[in-house]
Amino acid sequence: MSPTTVRAALTLGAALLASCATAQTPQVRFVPFASGLRQATTITHAGDGSGRLYVTLQGGQVRVIRGGQLQAQPFLDVSGLTRAGGERGLLGLAFDPGYRTNRRFYVHYTDRNGDTVLARYTATADFSRGDPQSARTLFTTEQPYANHNGGQLAFGPDGFLYLGLGDGGSGGDPQNNGQKLSTPLGKLLRFDVSGDAARPAAGNPFVNRSGANPYIWAYGLRNPWRFSFDRQGGDLIIADVGQNALEEINRQPRSSRGGENYGWKVREGNRCFEPSTGCRTQGLTEPVLVYGRNEGQSITGGYVYRGSAVPALKGQYVFGDFGTGTVWASRPTGNTWTKTTLGRVDNPSTFGEDEAGELYVAEYGSGRILKMSR
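Residues numbered from 1 in each chain as written. Predicted model: local features only at pLDDT ≥ 70, side-chain atom pairs only at ≥ 80, totals over all residues. Heavy atoms only, no water.

Draft legend 1. Layout of the overall build of the protein. Within the protein one finds 2 helices and 28 strands. Taking 2.2 N^0.38 as the reference for a compact globule, 374 residues should give roughly 21 Å; the C-alpha atoms of the protein span a radius of gyration of 21 Å, in line with that estimate. Taking the principal axes of its C-alpha atoms as reference, the protein extends roughly 85 × 55 × 35 Å. Of all 374 residues assigned to the protein, the portion counted as buried reaches 54%. (Helix = DSSP H or I, 4+ residues; strand = E, 2+ residues; numbered from the N terminus. Rg over C-alpha atoms; globule rule 2.2 N^0.38 Å. Buried < 20%, exposed > 50% of the residue type's maximum accessible area, 1.4 Å probe, protein only.)

Draft legend 2. Here's a closer look at the environment of Gly352. Relative to the helices and strands, Gly352 resides in strand 26 (residues 348-353). With 18 residues separating them in the primary sequence, Gly352 and Gly334 have C-alpha atoms 25 Å apart. Beyond its immediate chain neighbours, meaning those up to four positions away, Gly352 contacts Ile43, Tyr303, Glu358, Leu359 and Tyr360. (Contact = heavy atoms within 4.5 Å.)

Draft legend 3. Quick peek at the state of the cysteines. Applying the stated rule across the entire model yields 1 disulfide. Shown here is the disulfide that connects Cys272 with Cys279, its sulfur atoms set 2.1 Å apart. On the sign convention where negative is left-handed, the bridge of Cys272 and Cys279, at about -85° about the S-S bond, is left-handed. Residue class for Cys272 comes out partly exposed when judged on its relative accessible area of 28%. (Disulfide = S-S within 2.5 Å.)

Draft legend 4. Highlighting the sheet that holds strand 7 (residues 90-95). Pairing within the open sheet is antiparallel, and its 4 strands lie in the order 7-8-9-10. The open sheet is flanked by strand 7 and strand 10 (130-141), the only strands paired with a single partner. Averaged over all pairs of adjacent strands, the angle between strand axes in this sheet comes to 25°, irrespective of strand direction. Judged from the 5 bridges that link them, strand 7 and strand 8 (residues 104-110) form a sheet pairing that is antiparallel. Within strand 8, the residue paired with Gly92 across the bridge is His108. (Pairing = 2+ DSSP bridges. Axes fitted to C-alpha atoms, helices over the stretch in contact; angles between N-to-C directions.)

Draft legend 5. Representation of the environment of Ser79 in the model. Here Ser79 lies in the loop between strand 6 (76-77) and strand 7. Remark: the alpha-carbon pair of Ser79 and Gly59, spanning 20 residues in sequence, is separated by 5.8 Å. Excluding its chain neighbours within four sequence positions, the residues that come into contact with Ser79 are Gly59, Gly60 and Arg112. Engagement of the side chain of Ser79 in a polar contact is seen with the side chain of Asp77, the distance being 2.6 Å. (Polar contact = N/O pair within 3.5 Å; in protein donor to acceptor, adjacent residues only side chain to side chain.)

Draft legend 6. A look at the UniProt feature "domain: Glucose/Sorbosone dehydrogenase" (unreviewed entry) in the protein. Feature annotation in UniProt assigns "domain: Glucose/Sorbosone dehydrogenase" (unreviewed entry) to the following positions: residues 43-331. The span residues 43-331 is 1% helix and 38% strand, and its two end C-alpha atoms sit 23 Å from each other. (UniProt positions renumbered as here; feature names shortened; annotations may be inferred.)

Draft legend 7. Highlighting the pairing of strand 17 (residues 236-240). Counting buried residues along strand 17, 5 of its 5 residues qualify, which places the element largely inside the surrounding structure. The pairing of strand 16 (residues 226-229) with strand 17 spans 4 bridges and is antiparallel. Its bridge partner being in strand 17, Arg226 is matched across the sheet by Ala239. Hairpin geometry of strand 16 and strand 17 is characterised by an intervening segment of 6 residues between the two adjacent antiparallel strands and by a positive phi of about 85° at Gly234. Looking at chain direction, strand 17 and strand 18 (residues 246-252) are connected through 5 bridges and run antiparallel. Paired with Leu236 across the bridge in strand 18 is Gln252. Remark: 5 residues form the turn of the hairpin made by strand 17 and strand 18, two consecutive strands paired antiparallel.

Encoded structure:
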């Protein structure tokens with residue numbers, strides 16, 4: 001084969017590869033959906049058929065978007081119970097699976113001392129707002145530092161309530177909370193909230209271990225700001241914010257019985273952290289995806305897309321990075337995932353789904369909620 005023919009073949013091959021890559025990368029837009037929601041921390045729905053979206057603001061309000069319009073009246077206002085700023089404030093919201101009948105919903109915030117509070121509220125009879133007099137504190141824990149308070153609150157397919165808490169803050173987990181089973185910090189917690197109080201969920205892996213916190217479901221987490229359940233398969237996907245070098249995504253299959261150790265602070269992502277070399281790997285669950293500081297610095301976990309607006313994205317996990325604004329998609333197959341860039345938004349602080357599985361993302365500074373579309 002002549003050099004000219006070789007060059008032509010290589011050029012054609014490169015063009016075909018580029019064409020395939022383009023074909024495999026879904027073309028999406030992030031379309032403005034609502035505004036006036038600065039410092040949003042949660043986007044969710046109530047699963048009640050109303051079509052409403054609920055957005056928590058770090059300062060303490062829960063706002064409602066109905067028919068694409070932001071409602072003037074807050075659904076709930078706990079701003080007097082928190083001192084927001086930095087990584088503190090109103091951080092999570094979840095509606096009870098039986099919300100249509102019991103009107104219960106749950107919030108996660110840091111109180112005026114900076115400590116974690118999980119509280120239950122009841123909506124008014126017409127579901128127009130949460131009754132502030134119905135507040136019932138279900139769980140609290142002290143926070144030794146101002147940062148790494150976690151955030152996400154969500155019901156799993158098992159009907160139990162999950163709460164993600166960071167390692168307590170500072171840097172490098174000075175109290176080694178991620179690996180201590182005696183503390184709820186640096187953990188994913190699982191609660192049974194079906195009664196009047198919160199109880200450890202049935203089957204929690206350390207409920208009978210002396211000295212262990214009975215609410216622990218998984219541990220070894222630095223700051224699981226956002227996690228989600230795949231509404232179709234039920235798998236749990238945890239995005240854990242890194243320390244100095246790596247951001248990571250962990251996957252827990254629906255069949256899991258809990259007890260996974262995701263490694264912090266023995267490891268950051270898939271690298272040794274303490275000790276810096278020769279750390280143990282036995283008993284640690286490997287992340288399915290990591291990326292370094294050349295691509296971002298604070299992962300914002302998303303959702304496995306199950307909507308219909310972007311068919312090419314179905315079954316792919318969509319997430320972003322708060323620092324760079326990059327939004328990626330990753331197909332959750334096997335133990336090692338790859339990612340594809342979808343676009344960029346400004347400081348994506350949280351993703352959310354509506355009842356149909358369509359995906360939204362909040363721009364923390366601008367106060368815009370964007371909807372993903374083809």
